[in-house]
Structures are given as structure tokens and as C-alpha cells.
Amino acid sequence: MVSLVLLGAIAGLILGDDVLWVAVEWSPPPYIGFFHRSPYGLAVVTALLAAAPVKAAALWIILRPPEPGPLRGRERALRLLLYLAVADGLVLWAPISWISDAAGAAFQLALWAAIDTLLLLVIRWRSRVLRAVAGVMFACELALAVVDLLGSLGLTDAGYGTVYTVGSIVAALATTALTVAGQWRDGRWSRGTLGAGWLSTVSVASAYPVFFVGGSDFEGPLVWIVVTDVIRLTGALYLAATAREMPVAPVPSASGRRSRGRAYRAAVAALALLPIAVLVQPEEHARRTLTGAAEDCYDRPESGDLDPARREAVFLCLAREGSQGTPPMFPDSMSDQAILAYGRALCRTQDPAKQQTLLREAGSPRAEWGADPWDLVYVCPEIVGKTHPDLLRSSEERKQAEIDYVAEHNATCRDPWPRTKGVVQATAYYFLFVDGDPGYLVYDPADEQGEGGDRTMDELYQKGNKTGLGVTPTAVLVGHVADVTGLCLTVKAFRKAPPPRTGGWDTVHEVPITTRGGRLTVPEMDGGEVGAGAPMPNLAINGKGRYRLRVYVRVTRGGEEEHLVVVYPGSSRKRLDLKSLYGRRNSRAQGQD
């Protein structure tokens, strides 16, 4: 094993940084992480090469067989637990952490509760004060482990603050130092073991300030991982040396030996099993694995992209989510099982009143709102899909459906002047906001000083404005006549003014417009819900300067609305009402040349 570490490090120099990392760190390369960069920099490679012989030497010492000789029950139990702690520090922490954070915290609490109890019994402290101080520090260490366990279970957040972190560091240093002091006063452990203990204490004490004061070097976290692994080995080295040199204490008299041995074993077993018993809770304290902050609720993945387990996870996330002043569907304190049960019950009834009753029963903050199918689809797609099949689509299916929807609407629009070709032109369906969109802009999207938006809106709704246009020098807001959510739009640009051709149109108005950046166009959908359903050309065919903008509007017998926008170069500032809704036709100037 020791040779493999050194040979792996040498092979890593030849085969690449990832092989070097695996050989020295005994873990997969850090492909996932904000700090990752490949290939590794000089600092990381240097740290790995320096750590390889240190870890190999420490591993050789740890793997040495224990000293022979008879042991009493408590020494034998302490030796086994210390070797278990060594194995945990080297390899067991990974599979235990994969189970859950709570499992790892419970294991640590149980293990060190038993080890600390046996250390107080095995070491001959030769001072009641020293033993009492050690007992207090051991208790503090275990109390912090309990806080960590409660935090892993989601019952408290006290385990994530600076006070907890600093307290854990101080407790670890104090307990190790007191244990080494007790071993020294006992006199049964070698100087090498005591030196390993002091080395572990000094290493931890010196490493943490470096961690907190460290700079923002991009490779810093990777180097810190290597350093912490070496520090963890110094602690494992001390524990292994303590277990290997476990001394043989004087054998007690036969009288009472068996009863006291049973009492010690019972106490150690009770301490070891107590944290595990805490994990077994009744149903009313059921698990809460997901909260509104634990998942990407705002992304709302498509139901068709998820497997059943993932769908339930998303539903739990959404059910506990509250954002922008909106309360969650269920209280965040409610268990996963209860939320899923209420969700399925909501699916089984389509009656809004019954859904509100169920939500009130669950203590929902938004009971009066009922339940939304786009939330329930994640917990019961087979039910919601019968009435809302579109909610069962995958992201690819939804994307294709949106493309087909836009193409279908574009296909309903025709060029109203098919024989009069513009220099540039386009015909498309223009999608409006459902809730009261006033119309669409003709403007220069790159003009930061443009006067669209609020000013064109004010002009559109100005008292006495019967043109349906909100006109400013650099932008025109074209309003719609009918109560529609979209309209057919054709845009054409000409070198000179085309004939008026007002026949067949309800309104025809012509206004001036200027572009400072050399572009005049209409907004496109571009992945959104509002805008033209096809690419719109640049209507400013002569670049920067003044143009004339003529807008034709009509409503068909079917209630559909059609627009034709014509743009051509022109310096006139007149506003012409070529045809109005009232059937009047004139060329009265509303501005000045």
C-alpha cells in the first residue's frame, strides 16, 4: 500500500495530473467544483508531490501491527474503537457521507462518545482536577457533535455559524492536548506516541489560521484539500499509535470483575446507541428532505423530462416555495409524506371548494387560491394529463410545440401588397400581451437616447389623438383597433414614397421618424412571448437620418386585425391623416416643415 502511493505519484508525473491526484489523495479528480482548473497549476502539483512521501510514511506507521500482550476489556474496546476512528478518517468517511449528512453526524457522535468515555477510564490521570477538566472538554466536544447532528436533521441552524466553527476547533485542540497530557502523566505510552499527539495538535492549530486568512488564489482550495488530508493523517497517526501501544493495566481481582466489566460494556453500548435511537422518530416527526431553498424551484423543469422520484422532489420544492410575496402552498415544517399525501388528494378532486377545504386542513397559507394543475402535475401526472395534456410535454416537445404554434400563426398572414415589392420587407404574426398591450414600436433598438416606452405611450393616449399612433421624433408606438392578442403585420421599405392606396383600409396615417443609429425595426419574439413571429428587417435603408412612416390598419369581418407599415426616406415633418376611422380623407398638415 505504501509503495503504491509512491509509485502512483511517480506515474502521475508521467501520465498526467489526474493520475497524480488519485494516487496521492485516494479520491476521484475534482472535476466538479467552482475551484477546478485542469491541468493543475504549479502550486497544486508541488503540494501533491510533497504530500506523497509524508502520507506514505504516515501510512506505514499506521499499518504497523499492534504491540502483543494481554488486554483487559476496556483497553481492548478502546483499541478497536481507535482503529475504527483511524479507518473513518482514511476511508469510511466517504461511504458514510454518501448515505446522508445525518448518518455521518450520528456515526461521529456515537464513535467519539464511546472513545471519550473509555479514555477517561483507561488513562491513569493521577489528578482529579485534570480528569475533571478532560471530562468537561469531552462533554463540550460531544455537545457540539449533538448540535451538528441536529443541524444535519434540519432541526436547528446553529451548527453553521462562526461561533460553532470556532468552538469546534477549540474543543478539538483542547481534548487532544488534555489526552496527551494524561498519557504523559500515566507514563505508559512512548515518547513517539506523545510526540504524534502534540504534532497533531500543532498541525491543526497552525493550519486553521492559514485557511481563514488565505488569499483568493484560484488554486487555493485545491491546495487546501491536500493540506487538510495531511493534517488528518497526523491525527490518524496519533490514534493508531495510541491503539498500538495500548498498555496492559493490572488485572483486577476476580471478585466483582465480571459485574464491573458488564457495567462498562453496558455504558459504552448505551452511549453508542443513544444517537442512533434519536434518528428513529415517530411518523409525526417524518423527514423533511427538500425545502424551497434546497432545489432549483424557479427553473420549474418540464414534467416530461423527469422520472417519478425527481417529479416528487420538484413538487415538494414547489409546495414549500414562497417568492415575491407569494406564500407557499404548504408550511415548510410539514413532512414530505404529508405534503405528497395532500397533493395526491388535491389531484383526486376537481372541485375548487373541496380543494380549498383540503388546503385549509393542511394549514396552507394560500388555501383560498386553490391548487394549480401546473404544480400538481409533478405529483400526479396521470390525472392532470387527462385535462391538461400539454403539461406532460418534455422540454423538447414544448420547444417544438412553440415553434409550430408561431409557424401556424405566421401562416395565416399574407402580404397585402404582393405586387409592390419593397427594398426589404417581411410579413409575420405579431404577438401582443394578453392583458392590455397597447401595440408595437417602430424604433432603433440600439439608440440609447431613444424616446420610446413611456413617452410614446403618453402620446398614444393623449386627449384628442384619433390616429392610434404614439409619435415621438425617434420612435412610433402603433396601437391596435380591435380587442385582439395578436395581429398580422407586414413591413416594407422603399426608396421613395409609394402611392397612398387607401382603399380597403380603415385608417392610414403618415408621420416623420428619425434614426440616430441607422436602424428602424419592430421587436421580435426572440424566445419570449411578445413580438414578431419572424425576423424583422432594418427599414432604414439609407442609414442614419430622417424617414417617413406610413401605417395602414384594418379589421376583417372575422375580427382579425392587419397592419402594413411603409417606410421611405423623407425630410418632411408633416403628420398626415390619409384615412381615419370616421371615413375622412385629407392631407392636412399637423406639423411644420
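The structure this text deals with has already been given above.
Residues numbered from 1 in each chain as written. Predicted model: local features only at pLDDT ≥ 70, side-chain atom pairs only at ≥ 80, totals over all residues. Heavy atoms only, no water.

**Some words on the overall build of the chain**
Counting its regular elements, the chain contains 17 helices and 10 strands. Counting the 593 residues in the chain, one finds 43% classified as buried. Once local pairs closer than 6 in sequence are excluded, the contacts in the chain between residues at least 24 apart make up 70%. As presented, the chain carries roughly 31600 Å² of accessible surface, and 59% of it is formed by carbon and sulfur atoms. (Helix = DSSP H or I, 4+ residues; strand = E, 2+ residues; numbered from the N terminus. Buried < 20%, exposed > 50% of the residue type's maximum accessible area, 1.4 Å probe, protein only. Contact = heavy atoms within 4.5 Å. Areas by Shrake-Rupley, 256 points an atom, 1.4 Å probe, with all protein chains shown as cover.)

**Some details on the state of the cysteines**
On inspection of all chains with the given rule, the structure shows 2 disulfides. Paired through a disulfide, Cys-413 and Cys-488 show a sulfur-sulfur distance of 2.1 Å. In this structure the cystine formed by Cys-413 and Cys-488 twists about its S-S bond by roughly -80°; its chirality is therefore left-handed. Of this pair, Cys-413 sits in the loop between helix H16 (395–411) and strand S1 (424–431) while Cys-488 sits in strand S5 (residues 486–493), and the two are 75 residues apart along the sequence. The burial state of Cys-413 is the same as that of Cys-488; both residues are buried. (Disulfide = S-S within 2.5 Å.)

**A word on helix H12 (residues 336–347)**
The end-to-end C-alpha distance of H12, which contains 12 residues, comes to 17 Å, matching closely the 16 Å that a straight helix rising 1.5 Å per residue would cover. Along H12, the residues classified as buried are Asp-336, Ile-339, Leu-340, Tyr-342, Gly-343, Ala-345, Leu-346 and Cys-347. For H12, the secondary structure elements touched by its buried residues are helix H11 (308–319), helix H13 (352–361), helix H14 (373–376) and helix H15 (381–387). (Expected span 1.5 Å × (residues − 1).)

**Focus on the pattern of salt bridges**
In this structure the tally under the stated criterion is 12 salt bridges. Arg-124 is the partner of Asp-186 in a salt bridge, and the nearest nitrogen-oxygen pair spans 3.9 Å. Taken together, the residues Asp-186 in helix H7 (residues 162–186) and Arg-124 in the loop between helix H5 (101–122) and helix H6 (128–152) connect sequence positions 62 residues apart. Of the charged contacts in the structure, one is a salt bridge between Asp-336 and Arg-320, with a shortest N-O distance of 2.9 Å. One end of the pair, Asp-336, is in helix H12; the other, Arg-320, is in the loop between H11 and H12, with 16 residues separating them in the sequence. Accessibility classification places Asp-336 together with Arg-320 in one group, the buried group. Members of the salt-bridge network, linked through shared partners, are Arg-124, Asp-186 and Arg-188. (Salt bridge = Lys/Arg side-chain N within 4 Å of Asp/Glu carboxyl O.)

**Considerations on the pairing of S1**
Across 8 bridges, S1 lies against S5 in antiparallel orientation. Within S5, the residue paired with Gln-425 across the bridge is Lys-492. Sheet topology note: the S1/strand S7 (residues 531–532) ladder contains 2 bridges and is antiparallel. Bridged to Phe-431 within S7 is Gly-531. (Pairing = 2+ DSSP bridges.)

**Considering the packing of aromatic side chains**
The description of two aromatic rings rests on the distance between their centres and on the angle between their planes. Per the counting criterion, the structure on display carries 6 aromatic pairs. Residues Tyr-429 and Phe-431 carry aromatic rings whose centres are separated by 4.8 Å and whose planes lie at 65° to one another, so their mutual orientation is edge-to-face. Residue classification places Phe-431 among the buried positions, given a relative accessible area of 6%. Judged by centre distance (5.4 Å) and plane angle (55°), the rings of Trp-505 and Tyr-552 are tilted. Residue Trp-505 is located in the loop between S5 and strand S6 (507–515), and its partner Tyr-552 is located in strand S8 (residues 545–555); the two are separated by 47 residues in the primary sequence. (Phe/Tyr/Trp six-rings, centres within 6.5 Å; stacked < 30°, edge-to-face > 60°.)

**Considering the sheet that holds strand S4 (residues 475–479)**
Here we have 3 strands laid out as an open sheet, ordered S2-S4-S3, and antiparallel in their pairing. Each edge of the open sheet carries a strand with a single partner, namely strand S2 (439–443) and strand S3 (469–472). Taking each pair of neighbouring strands and ignoring which way they run, the sheet shows an average axis angle of 15°. Two elements, S2 and S4, share 5 bridges in a ladder whose sense is antiparallel. Within S4, the residue paired with Val-442 across the bridge is Val-476. (Axes fitted to C-alpha atoms, helices over the stretch in contact; angles between N-to-C directions.)

**A short note on the sheet that holds strand S9 (residues 561–569)**
Taken in spatial order, the 7 strands of this open sheet run S7-S1-S5-S9-S8-S6-S10, and their pairing is mixed. Every other strand in the sheet has two partners, leaving S7 and strand S10 (576–579) as the edge strands with one partner each.

**Observations regarding the nonpolar core**
The biggest cluster of nonpolar side chains holds 35 residues, and the ones touching the most others in it are Ile-62, Leu-78, Leu-82, Val-86, Ile-115 and Met-246. Elements supplying a minimum of two residues to this core: helix H3 (42–62), helix H4 (73–99), H5, H6, H7, helix H8 (191–213) and helix H9 (220–244). For this core, the element with the most residues is H9, which contributes 7 residues. Ignoring any residue separated from it by four or fewer positions in sequence, one finds Ile-62 in contact with Val-86, Leu-233, Ala-236, Leu-237 and Ala-240. (Core = buried A, V, L, I, M, F, W, Y, C linked by side-chain atoms within 4.5 Å.)

**Here's the deal with the side chain of Thr-490**
Looking at the secondary structure, you find Thr-490 in strand S5. A distance of 3.0 Å separates a polar atom in the side chain of Thr-490 from a polar atom in the side chain of Thr-427. Among residues more than four places away in sequence, those in contact with Thr-490 are Arg-414, Asp-415, Pro-416, Ala-426, Thr-427, His-563, Leu-564 and Val-565. (Polar contact = N/O pair within 3.5 Å; in protein donor to acceptor, adjacent residues only side chain to side chain.)

**What to know about the pairing of S3**
Residues in a regular strand project their side chains so that they alternate between the two faces of the sheet. Side chains Leu-469 and Val-471 project from S3 onto one buried face, and the interleaved Gly-470 and Thr-472 project onto a second face that is buried too. Bridging between S3 and S4 involves 4 bridges; their strand directions are antiparallel. The residue bridging Gly-470 from the neighbouring strand is Leu-477, located in S4.

**Here we look at the packing of H11 against H12**
The geometry of H11 relative to H12 is characterised by a closest axis approach of 10 Å and an angle of 95° between their N-to-C directions. In terms of axis orientation, H11 runs roughly perpendicular to H12. Along the contact surface, H11 presents Glu-312, Phe-315, Leu-316 and Ala-319, while H12 presents Asp-336, Ile-339, Leu-340, Gly-343 and Arg-344. In terms of residue class, the contact of H11 with H12 is made up of 5 nonpolar, 1 polar and 3 charged. (Parallel < 35°, antiparallel > 145°, perpendicular 65-115°, else oblique. Nonpolar A, V, L, I, M, F, W, Y, C, P; charged D, E, K, R; others polar.)

**Overview of a nonpolar patch on the surface**
Residues Val-481, Val-555 and Leu-581 make up a contiguous nonpolar surface patch of roughly 230 Å² in combined accessible area. Mapped onto the elements, Val-555 comes out in strand S8. (Patch = residues over 30% accessible without salt bridge, like charges linked within 9 Å, V, L, I, M, F, W, Y side chains within 5 Å.)

**Let's talk about the environment of Asn-410**
Inspection of the secondary structure assignment puts Asn-410 in helix H16. Counting along the chain gives 123 residues from Asn-410 to Gly-533, while the straight-line C-alpha distance between them is 6.6 Å. Excluding residues that lie within four positions of it along the chain, Asn-410 makes contacts with Ala-428, Tyr-429, Gly-533 and Ala-534.

**A closer look at H16**
Relative to the 24 Å expected for 17 residues at 1.5 Å per residue, H16 spans 24 Å between its end C-alpha atoms, a close match to the ideal helical length. Among the residues of H16, those classed as buried are Arg-398, Val-406, His-409 and Asn-410. With its buried residues spanning 115° around the axis, H16 presents them on a single face. Among the exposed residues of H16, those oriented more than 90 degrees off its buried face are Glu-396 and Glu-408. The inward-facing, buried residues of H16 abut S1. (Arc of directions from axis to C-beta.)

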